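# Working through the structure, step by step
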Amino acid sequence: MTIADLRCDACGRYLTGPAGSSEEAAGGGSGEVVRIMFHPGDGLLKDDSTLFCRTCWSAIEEGLGVPDRMDVCARCSVPVASTDSLHVSLIVGGPGPWPTWQLCRVHAVEYLNRLRTTDPKLTDETLSLRSDFGLGERRLGRPLP
């Protein structure tokens with residue numbers, strides 16, 4: 001995905017330089033930009049153009065909850081299906097795996113509405129996740145039904 005808007009997706013500040021390594025992206029480095037990828041239960045629908053300044057990312061990361069927990073919301077621990085949740089990943093150097101937070105519908109809306117690029121703002125009724133289209137899990141790389 002091409003990133004045309006080089007401003008922080010939370011505060012709007014112009015970003016002047018990327019995080020240079022996975023250590024910097026994970027915290028404590030001199031890189032200013034933190035890049036995020038998210039998808040609504042299907043990696044084919046990913047958006048990897050979200051950028052945050054380090055200050056905003058620190059506040060957002062603190063509010064995301066516990067990363068790398070499967071099938072439960074990172075914020076409230078409510079069980080969620082992969083197709084009925086938002087997956088938010090911190091993109092750091094290399095192909096992954098990256099720290100990932102799985103969010104229930106309520107916390108997905110809260111996260112997405114913090115982005116200045118989410119317009120109009122969402123409600124849990126207007127958020128569309130993979131399960132909303134009646135599509136099940138993709139298995140073994142087979143095409144979607």
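Residues numbered from 1 in each chain as written. Predicted model: local features only at pLDDT ≥ 70, side-chain atom pairs only at ≥ 80, totals over all residues. Heavy atoms only, no water.

This next bit is on the confidence of the model for the protein. Interpretation of the predicted coordinates at a detailed level should be avoided for regions scoring low in pLDDT. Of the residues in the protein, 73% reach a pLDDT of 70 or more, and the chain-wide mean stands at 78. Within the protein, strand β4 (residues 100-103) carries the highest mean pLDDT (94), whereas helix α1 (residues 22-26) carries the lowest (43). Within the model, pLDDT remains below 50 along residues 20-30, and this stretch shows 16 contacts once partners closer than five positions in the same chain are excluded. In the predicted structure, residues 135-145 sits below a pLDDT of 50 and forms 15 contacts with residues beyond four places in sequence or in another chain. (pLDDT = per-residue confidence, 0-100. Helix = DSSP H or I, 4+ residues; strand = E, 2+ residues; numbered from the N terminus. Contact = heavy atoms within 4.5 Å.)

Moving on: helix α2 (residues 54-64). Note that an α-helix has 3.6 residues per turn; residues three or four places apart therefore point the same way. Those residues of α2 that sit buried are R54, C56, W57, I60 and L64. Along the long axis of α2, the arc covered by the buried residues comes to 150 degrees, so they all point the same way. Among the exposed residues of α2, those oriented more than 90 degrees off its buried face are T55 and E62. Looking one or two residues beyond α2, the residue adopting positive phi is G65, at roughly 95 degrees. (Buried < 20%, exposed > 50% of the residue type's maximum accessible area, 1.4 Å probe, protein only. Arc of directions from axis to C-beta.)

The element strand β3 (residues 86-91) is largely enclosed, with a buried count of 6 among its 6 residues. Neither face of β3 is open: one carries L86, V88 and L90, the other H87, S89 and I91, and all of them are buried. Bridge count for strand β1 (residues 33-39) against β3 is 5 bridges, and the pairing is antiparallel. Paired with F38 across the strands is V88, a residue of β3. Note that β3 and β4 share 4 bridges and pair antiparallel. Within β4, the position partnered with L86 by the bridge is L103. (Pairing = 2+ DSSP bridges.)

Moving on to the environment of M37. Secondary-structure assignment places M37 in strand β1. Relative accessible area serves as the criterion here: at 10%, M37 is assigned to the buried category. The spacing of M37 and T100 is 63 residues in sequence and 9.2 Å in space, taken between C-alpha atoms. If sequence neighbours within four positions are ignored, M37 has contacts with K46, D47, D48, H87, V88, S89, I91 and W98.

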